[in-house]
Amino acid sequence: MKPRVHNRAPFRLLILLVALTMLAAACSSSGDSGEGDGSGDTTTTAASSGGETTTTAASGGSETTTTAAEATGPKVLKVATTANITTWDPVKSFSTEALYLANIYEGLLRINPPDAAEQFTPLLAESWEASEDGLTWTFNLRSGVVFHDGAPMDAAAVKASIDAVKERGGAGFIWAPVDSIEVVDGLTVQFNLSYSAPMELIAGSTYGAWIVSPNALEAAAADDTYFETGVEAGTGPWVLESYTPDTEILLTQFTEYWGGWDGERSDKVLLSIVPEAVQQQQMLEGGQVDLATRLPLEATAEFADRDGYTVVNETSWFNYLAYFNTLRPPLDNPKVRQALSMAIPYDDVIAVGPLGLATQARGPVPKGVWPYSESTPQYTQDLEAARTLLEEAGLADGFSLRLTYAAENEIEGRFAPVLQAAFAEIGVDLQVEAIGFGQQWEEAKSDPANAQDMFVVLYWPTYADAGTDNLWSLFRSSEAPFFNLSYWNNPTYDKLIDDAGALTVTDPDESFRLYGEAQTLLVDEAPGVFFFDADAVYVVPDHVSGFDYNMNYPFSLFFYPMTAG
Amino acid sequence: MTDRVHSDGTETDAAATQPGSFRQVVAVFTRDRMATAGLIIVILFYLIALFAPILAPYPDEGAGKPNASALTQPPSAENIMGTDQLGRDVLSRIIIGARPTLLVPLVVVALAILVGAPLGAIAGFRGGWVDTVIMRTTDLFLSFPSLLLAIAITAALGRGLFNAALALVISWWPWYTRLVRGVAVSVRQSDFVEAAEAIGLTKMQIVRKHILPNSVTPIVVQATIDLGIVIIAMGGLAFLGLGTQPPSPDWGLMISEGRSVLLSSWWVATFPGIAIFIVVFCFNVIGDALRDVFDPRTRR
Amino acid sequence: MRRLEFVITRFGSTLMVLLGVTVITFLLARTVPTDPAALFLGPRARPEEIAKVAEQMGLNDPLPVQYVNYMKELVQGDLGNSISTKRPVLDEIFARLPATLELLFAGMTTAIIVGILIGVFSARWKDKPIDWGGRALAILGVSIPAFFLGMLFQIVFFRWLGWFPLGGRTSVDLRFTSPITDVTGFLVFDALITGNWEGFKDALWHLFLPAMVLAAFPAGLIARMVRATMSDVLSLDYIRTARAYGQSENLIAFKLALKNAIGPAIAVIGLSFAYALTGSFFVEIIYTWPGLGQLTVNALLNLDYPLIMGVTLLGAIAYIAVNFIVDIVQAQLDPRVSLDD
C-alpha cells in the first residue's frame with residue numbers, strides 16, 4: 001500500500017474543479033460558452049482585497065508604479081488571460097494562478113517538451129544525481145541567486161520551501177516519497193526517499209515545487225493571509241508590480257534576475273483578466289493585446305487562414321473520458337461496456353467537441369506523458385459488433401442510462417449529444433444532464449450505488465507521471481471512492497500498476513511493460529470510455545516572438561523569452 | 001399608487017374596470033387590424049409549436065442530434081437558417097424549441113391565474129383579516145423583482161424546465177390575486193350582492209356566480225399581456241442555464257449557445273432571437289389593443 | 001401633519017415587508033437540495049467535518065432559532081461567506097456594486113428621459129403618425145429581450161459599424177495612458193471630476209451600448225404610461241379651458257399637461273427599476289461588465305447559495321426602497337394620493 005496516492009487524492013479535486021473550464025484556456029483556443037464558462041473563473045476569484053482597488057506588490061522590484069507619463073516608455077507585452085487568482089501563496093497554489101506564479105517563482109528545474117533535445121532545463125539547481133536504488137537524490141544549487149526580497153537562495157531556502165509545501169501545500173502530496181530533506185552545505189541539498197520515485201519529475205511539477213524566500217515563508221506561517229494582498233518573494237524573472245482583483249496583473253523586470261536581461265526582452269507584462277473568449281478575440285484582432293490565452297474554438301480555424309497569425313497546435317495533458325458505473329446492471333457486465341465503447345463514433349466526437357483539435361485517446365494516459373504507449377488499443381465504431389455484444393448480454397431490447405457532464409465545460413456539452421445519438425443506434429436511451437462539476441462529483445462519490453451511469457470527466461496528471469496519477473487515481477480500486485468513480489475493482493490491474501509504479505526509477509523498461517499490460521487490460525475491460533486528448537492551441541500574432549508552449553506546464557506561459565515587436 | 005401597478009406597468013385599477021364581455025374582446029379584433037394580424041401570427045406560432053415534430057425539416061437535429069458534417073454552416077437551401085455549432089439545423093431547433101418556449105409560459109400563466117385568482121376573490125369578498133393576510137402575502141412576493149425571485153427559486157430548487165416554470169408560477173400568482181381582489185371589492189360593494197345575500201346565496205356561491213365571472217375579462221386581458229413578459233422571463237432563465245437543459249432546444253438557450261459564435265456566425269443566435277421578438281411583439285400589440293378598450297384610463 | 005403621518009405609516013409597512021422578505025430568502029437558502037455545510041466545505045470534506053460545521057453553522061437548531069440567528073447576523077451586515085471564494089458575501093457584493101449602479105443609473109436615466117419624450121409626443125399628436133411611431137417604439141422596447149438586443153447591438157454597432165466596443169468597462173490601454181482615479185466607483189463620473197478627458201471618453205464609450213440595451217424595456221414601459229396619463233389629462237376640463245382661452249396646443253401639452261402627467265409616470269419607475277435590475281444581469285454577461293449580474297450568474301453555476309440569496313435580498317431591498325421613495329415623491333406631487341390604501 002503506498003501512502004502517496006491517498007495523500008494526493010483529496011487535493012486533486014481543487015484543481016479539477018477550479019480549472020475545469022480552463023481546459024479551454026490551457027488548450028487555449030478551446031471555446032467560450034456564454035454564461036456557462038464563467039464558473040471556473042468564479043471558483044477562483046481572488047481571495048484578497050476586492051473590487052477596484054489596486055494593491056502594489058511589497059517586493060523588491062526596482063521599478064516604480066507606472067504613470068501616464070511613462071506610457072510610451074516601457075516595452076509592454078500585453079496578454080489577455082482567463083486565469084483568476086485563487087491565492088498568491090506559492091505554497092498553497094494549486095490552481096489557475098500557475099500562469100502568473102510560473103513567471104515570478106522558479107523550481108529546481110524545468111521539464112522540457114517531449115521533442116526537446118534535453119529532457120530538463122536546470123533552473124535553481126545546476127545539476128543533480130540519484131543513488132543506484134533511487135532513494136537518495138542530491139541537488140547542487142546555482143550560486144548567486146537572490147530572491148526578490150533580497151534574501152539569498154540557498155539549500156536552507158529550498159528545504160524550507162519544500163517542507164512548507166509538504167506541510168500545508170495544496171499539492172503537498174507530490175513530495176510524499178520524500179522522507180527527509182538534508183542541507184548538506186550552503187548549495188547542496190539531499191532528498192532521502194522512503195521509496196524510489198522520479199524526483200526530477202516531482203521537482204519540475206507545475207504545482208507545489210516553487211522555491212520561496214524564507215522570510216516570506218516565515219511571515220506566511222505566522223499569518224495565513226500574508227501573500228493574499230499580492231505579495232511575492234520568488235527568484236523568477238518577473239516581479240509583481242501591481243494586482244487588481246478580477247481585472248489585471250502587472251509584472252515588471254526583476255533587474256537582478258540570475259538569467260540576466262540581455263537581448264530582446266519586454267520591460268513589463270500586463271495581464272488582463274478577460275473571461276470571455278469572444279472578448280479576447282476582439283482584443284487580439286484590435287491589437288489591444290499581443291496574445292490571448294482563450295479564443296472561441298471556431299475562431300482558431302479562421303486565424304489559421306489569415307496573414308499575420310500563426311496557429312500553434314500541440315498535444316496537451318488534457319484527457320477526456322467517461323466512467324461507467326460498474327456497480328450496477330447492466331454496466332457491471334464488461335460486454336455491455338464494450339458494446340457502448342464500440343457504439344461511439346470517435347471521429348464525430350472529436351469533430352463536434354473540440355472541433356477536430358484533438359486525437360483519439362489511448363486509455364487514460366495522455367499522449368506524450370509517461371507511460372503513454374502506442375500499443376494501447378483503441379475502440380472504433382462498429383455498430384454491428386456492438387449490437388451482437390448486447391444480444392449476448394441479453395439486452396437486445398435496449399435499456400436506458402443517465403450521463404452527467406460538467407456544465408462549465410463547453411466541449412463536453414458539445415459532444416454529449418453525439419453519444420446520445422450514437423447510443424440510440426443500438427437501442428440504448430441515454431439521458432444527458434449538465435450539472436456543475438462539483439455537484440456531479442459529489443453525486444458519484446457519495447452514493448455509488450445510486451450514482452449516474454456515466455460520468456464525463458476531463459482529467460490531467462498533477463505532474464509529468466500519469467502512471468502514479470491517471471492510471472492509479474482513476475481506476476485503481478479503493479474502499480472510499482475518490483476519483484476511481486467507475487468503482488471498478490480488478491486485483492490484476494491493481495497489482496500491475498503497483499508493481500510498475502515501484503519500478504519507475506530503478507527499472508523503467510520493466511515498469512513501462514507492466515504499465516502497458518495494465519492499460520491493455522483496462523481498455524479491454526472498459527470500466528470507462530476514452531474519448532480524446534485535446535490539443536493545446538494558441539494563436540500567435542507574427543509580431544510576438546519567443547512564444548513556446550510547454551505541455552508539462554499546461555496552465556502556464558513563460559514570458560521571459562517573449563517580446564512584442 | 002405603485003402598489004397597483006401591474007407587471008406590465010398598467011395600473012390595476014380593477015375597481016374601475018368595466019366588466020366587459022367576450023363580445024367586446026372580439027370587437028377589438030374586428031376593429032383593430034394590427035391586433036388581428038398579431039393574433040393570427042401568435043396563433044400560427046402556437047400551431048407550429050403543436051405540430052413541431054411534423055413541421056421541422058430535421059426533427060432529430062431539432063431535438064438535439066448533432067451532425068458532424070455540417071458544423072456552423074451559413075443559411076443555405078438545405079438549412080434555411082443555417083446550422084449551429086453542433087451542425088444542427090437552426091430552423092428545426094426553432095420549431096422544436098417553440099414547445100418549451102411558447103407552451104410552457106402558457107401553462108405558467110394559467111397556473112398563476114388558477115392560484116392567484118381564487119385567493120384574490122376570497123380576499124376581496126371576505127375582507128377583514130383574511131384580506132389582510134392574503135394581501136400582505138402578495139405584497140411580500142411582489143416586493144421582489146419577479147425575475148430575480150424566479151432566479152433565486154430556481155437556484156434553490158435546482159435547474160431545469162420544470163423548476164424554472166414552477167419558480168415563475170410562484171413569482172407570478174400575486175399579480176392575479178391583486179387584480180381579482182380589485183374586482184371582488186367592487187362587486188361586493190354593488191347592490192346585487194346585497195340582493196344575492198338577501199335571497200340566501202352562500203358566500204361561496206356569490207364568489208362563484210358573480211365575482212369570478214366578472215373577473216374573466218380583466219384576467220384575459222392581463223394574461224395576454226403577461227404572456228409576452230413570461231415568455232421573455234422564461235427565455236431569460238433558459239439563457240442563464242436555469243431552464244431547458246441542452247441538448248433540448250429552447251429559444252433562450254439557443255441565443256445563449258449562439259453567443260460564442262456571435263461574431264463569426266451571426267445566424268445561430270439571431271434567428272431564435274427574432275422568433276422570440278416576433279411572438280412577444282405580437283402579444284404586446286394585442287395587449288395594447290385590448291387595453292385601449294378595457295382600461296378605463298385610456299378609454300374615451 | 002397628515003403627510004408626515006403618511007410617511008411614517010408607509011415606512012412602518014415597508015419595514016414589515018422587509019422582515020417578510022428576509023423570511024423568504026432565509027427559507028429559500030434552506031430549501032437548497034444539498035447540505036449547506038457540505039457545500040461550504042467543498043467536495044473534499046469528511047463526514048465528521050461536515051457534521052462539525054453543521055453544528056457550528058447552527059444547522060441542527062430548529063428553523064425559527066436559525067432564523068433568529070440569521071437575522072442577528074443580518075443586522076450586523078453579515079450575509080455569510082461565499083462558498084466559492086470564502087470571502088464575506090457583502091464584500092463580494094460591494095466590490096461589484098459600483099459597476100452595476102453605474103450601469104443602472106445610466107440605463108434608468110436614459111429610460112426616463114426617452115420614455116417621457118416618446119410618451120409626451122405620442123399623446124400630443126395622438127393617433128397621428130408620430131403617435132404611431134412612438135407607440136411602435138414603445139412596444140419594440142418591451143418586446144426585445146435584453147439578452148437578444150444586447151447581442152444584436154454587438155453585431156450592428158461593433159461588427160458592422162465598428163462604432164462601439166464589444167464589451168468591458170474600459171480599454172486595456174487606458175491602464176497606461178490615462179488611468180482613472182477611483183473616487184466614487186462610477187468610472188465616467190470619476191474621470192470627469194478628476195479632469196481625465198481621455199478616461200471619460202473611453203468609459204462613456206464603453207458604457208453606451210449596455211446602457212442603451214438596459215434602457216429599452218423601462219423606456220417602453222414609461223412611454224406607455226406617460227402616453228396614457230397624458231391623454232387623460234389632455235381631456236380634462238382645465239385643459240379644455242386653456243384651449244378655449246387660445247393657448248397653443250404645444251404649450252398645453254408640454255407645460256400644463258406634462259406637469260400633471262409626471263406624477264403617475266413616476267409610479268411606473270419603481271417597476272421599471274425592477275426590470276432594469278434583472279435586465280442588468282443579462283446586459284452584464286453579454287457586455288462582460290464586471291458587476292453584480294456577472295457575480296450572480298457565476299454563483300448560479302457554483303451553487304453559491306449565500307451569494308445568490310445575498311444578491312436576491314439586496315435586490316429586494318433596493319426595489320422596496322425605490323418604491324418607498326416613489327410613493328413619497330408621488331404623495332408630494334399629487335395631493336390626491338390617499339392614505340388609506
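Since the structure is predicted, the reported quantities are computational estimates derived from the model, not experimental observations.

Undergrad: Could you give me a rundown of unusual backbone geometry, with the residues and numbers involved?
TA: Here Trp-370 of chain A and Pro-371 of chain A are connected by a cis peptide whose omega angle stands at -5°. Within the secondary structure layout, Pro-371 of chain A lies in the loop between β14 (358-360) and α12 (383-392). With an omega dihedral of 10°, the bond running from Pro-246 of chain B to Pro-247 of chain B counts as a cis peptide bond. Along the chain, Pro-247 of chain B falls in the loop between α10 (203-239) and α11 (251-258).

Undergrad: Report on helix α6 (residues 129-143) of chain C, specifying residues and quantitative values.
TA: The terminal C-alpha atoms of α6 of chain C lie 21 Å apart, and with 15 residues this matches the ideal 21 Å at 1.5 Å per residue to within 8%. Every buried residue of α6 of chain C is listed here: Asp-131, Gly-134, Arg-135, Ala-138, Ile-139, Gly-141, Val-142 and Ser-143 of chain C. Where α6 of chain C is buried, its residues touch α10 and α12 (267-294) of chain B together with α5 (89-124) and α10 (197-234) of chain C.

Undergrad: Help me get a handle on the packing of aromatic side chains, residues and values and all.
TA: Residues and elements named next belong to chain A. This model, assessed by the stated rule, comprises 57 aromatic pairs over all chains. When the centroid spacing of 4.9 Å and the interplanar angle of 65° are considered together, the rings of Phe-94 and Tyr-207 count as edge-to-face. Here Tyr-207 lies in the loop between α6 (199-203) and α7 (214-222) and Phe-94 lies in the loop between β2 (76-81) and α4 (98-104), a separation of 113 residues in the sequence. Across the pair, exposure class does not vary: Phe-94 and Tyr-207 are buried alike. Ring pairing ties together the aromatic residues Phe-120, Trp-128, Phe-139, Trp-175 and Phe-191, which thus form one cluster.

Undergrad: Before we move on, can you summarise the confidence of the model for chain C with the specific residues and values?
TA: Residue and element names in this part refer to chain C. For chain C, per-residue confidence averages 83 on the pLDDT scale, and residues scoring 70 or more make up 92% of the total. Per-element mean pLDDT across chain C ranges from 67 in helix α2 (residues 36-41) up to 93 in helix α7 (residues 146-160). In the model output, the complex is listed with pTM 0.83 alongside ipTM 0.88.

Undergrad: Could you give an account of the nonpolar core, naming the residues involved and the relevant values?
TA: A general tendency of soluble globular proteins is for nonpolar side chains to be buried together. Judged by nonpolar contacts, the single largest core of 188 residues is most densely connected at Leu-168, Tyr-176, Phe-239 and Trp-251 of chain B. When residues of this core are assigned to their parent elements, the largest contribution, 18 residues, is made by helix α12 (residues 249-286) of chain C. If we ignore the near neighbours within four places in the chain, the residues touching Tyr-176 of chain B are Val-109, Ala-112, Ile-113, Gly-116, Ala-117, Ile-219, Gln-222, Ala-223 and Asp-226 of chain B. One finds Tyr-100, Ala-209, Ala-220 and Tyr-493 of chain A within the second-largest nonpolar core, a separate group that totals 176 residues.

Undergrad: Go over the packing of helix α5 (residues 90-126) of chain B against α11 of chain B, please, and point to the residues and values.
TA: Residue and element names in this part refer to chain B. Put simply, α5 and α11 touch, their axes get as near as 8 Å, and they point 135° apart. Relative to α11, the element α5 lies oblique. Seen from α5, the contacting residues are Val-90, Arg-93, Ile-94, Gly-97, Ala-98, Thr-101 and Leu-102; seen from α11, they are Trp-251, Met-254 and Glu-257. A class-by-class count of the residues in the contact of α5 with α11 yields 6 nonpolar, 2 polar and 2 charged.

Undergrad: Any chance you could break down the pattern of salt bridges for me, citing the residues and the numbers?
TA: What the rule picks out here adds up to 34 salt bridges over all chains. A salt bridge links Asp-327 of chain C to Arg-10 of chain C; the nearest nitrogen and oxygen atoms lie 2.5 Å apart. Remark: Arg-10 of chain C occurs in helix α1 (residues 2-31) and Asp-327 of chain C occurs in helix α14 (residues 305-333); sequence separation between them is 317 residues. Owing to a relative accessible area of 14%, Arg-10 of chain C belongs among the buried residues under this scheme. A salt bridge links Arg-169 of chain C to Glu-102 of chain C, with the shortest nitrogen-to-oxygen separation between them at 2.5 Å. A residue pair is termed long-range when its members are at least 10 positions apart, and Arg-169 of chain C in the loop between α7 and α8 (174-177) and Glu-102 of chain C in helix α5 qualify at 67 residues. As far as burial versus exposure is concerned, Arg-169 of chain C and Glu-102 of chain C are alike and both buried. Linked by salt bridges that have partners in common, Asp-84, Arg-88, Arg-93 and Glu-257 of chain B make up one network.

Undergrad: I'd like to hear about the interface of chain B and chain C, residue by residue, with values.
TA: Taken together, the 57 residues of chain B in the interface contact 65 residues of chain C. Of the roughly 5300 Å² buried at the junction of chain B and chain C (both faces included), carbon and sulfur atoms supply 72%. Viewed at the interface, chain C and chain B are joined by 1 salt bridge. One salt bridge in this structure joins Arg-224 of chain C and Asp-288 of chain B, with 3.0 Å as the shortest N-O distance.

Undergrad: Residue-level account of the environment of Asn-302 of chain C, with values.
TA: Residue and element names in this part refer to chain C. Mapped onto the fold, Asn-302 is located in helix α13 (residues 292-302). Under the relative-accessibility criterion, Asn-302 is labelled buried at 15%. Through-space distance from the C-alpha of Asn-302 to that of Ser-84 is 7.0 Å; in sequence the pair is 218 residues apart.

Undergrad: Before we move on, could you go through the sheet that holds strand β15 (residues 399-406) of chain A and cite the residues and values that matter?
TA: All names here are of chain A. Spatially, the 6 strands line up as an open sheet ordered β14-β18-β13-β17-β15-β16, and their pairing is mixed. Edge strands, defined here as strands with exactly one partner in the open sheet, are β14 and β16 (428-435). Averaged over all pairs of adjacent strands, the angle between their axes in this sheet comes to 25°, without regard to strand direction. For strand β13 (residues 309-324) and strand β18 (residues 528-541), the ladder comprises 12 bridges, and the chain directions are antiparallel. Each residue of the ladder has a partner; that of Asn-313, found in β18, is Val-537.

Undergrad: So what's going on with the pairing of β15 of chain A? Residues and values would help.
TA: All names here are of chain A. Across the 8 residues of β15, 6 count as buried, placing the element largely inside the fold. As judged from the 8 bridges shared by β15 and β16, these two strands associate in the parallel manner. Paired with Phe-399 across the two strands is Val-428, which belongs to β16. Crossover handedness for the path β15 to helix α13 (residues 410-425) to β16: right-handed. Pairing analysis gives 2 bridges linking β15 to strand β17 (residues 454-459), with the strands arranged parallel. When the bridges of β17 are listed, Leu-403 appears paired with Met-454.

How each quantity is defined
Residues numbered from 1 in each chain as written. Chains lettered and ligands numbered in written order. Predicted model: local features only at pLDDT ≥ 70, side-chain atom pairs only at ≥ 80, totals over all residues. Heavy atoms only, no water. Helix = DSSP H or I, 4+ residues; strand = E, 2+ residues; numbered from the N terminus. Expected span 1.5 Å × (residues − 1). Buried < 20%, exposed > 50% of the residue type's maximum accessible area, 1.4 Å probe, protein only. Contact = heavy atoms within 4.5 Å. Phe/Tyr/Trp six-rings, centres within 6.5 Å; stacked < 30°, edge-to-face > 60°. pLDDT = per-residue confidence, 0-100. Core = buried A, V, L, I, M, F, W, Y, C linked by side-chain atoms within 4.5 Å. Axes fitted to C-alpha atoms, helices over the stretch in contact; angles between N-to-C directions. Parallel < 35°, antiparallel > 145°, perpendicular 65-115°, else oblique. Nonpolar A, V, L, I, M, F, W, Y, C, P; charged D, E, K, R; others polar. Salt bridge = Lys/Arg side-chain N within 4 Å of Asp/Glu carboxyl O. Buried area = accessible area lost by both parts, 1.4 Å probe. Pairing = 2+ DSSP bridges. Right-handed = clockwise from strand over helix to strand, strands pointing away.

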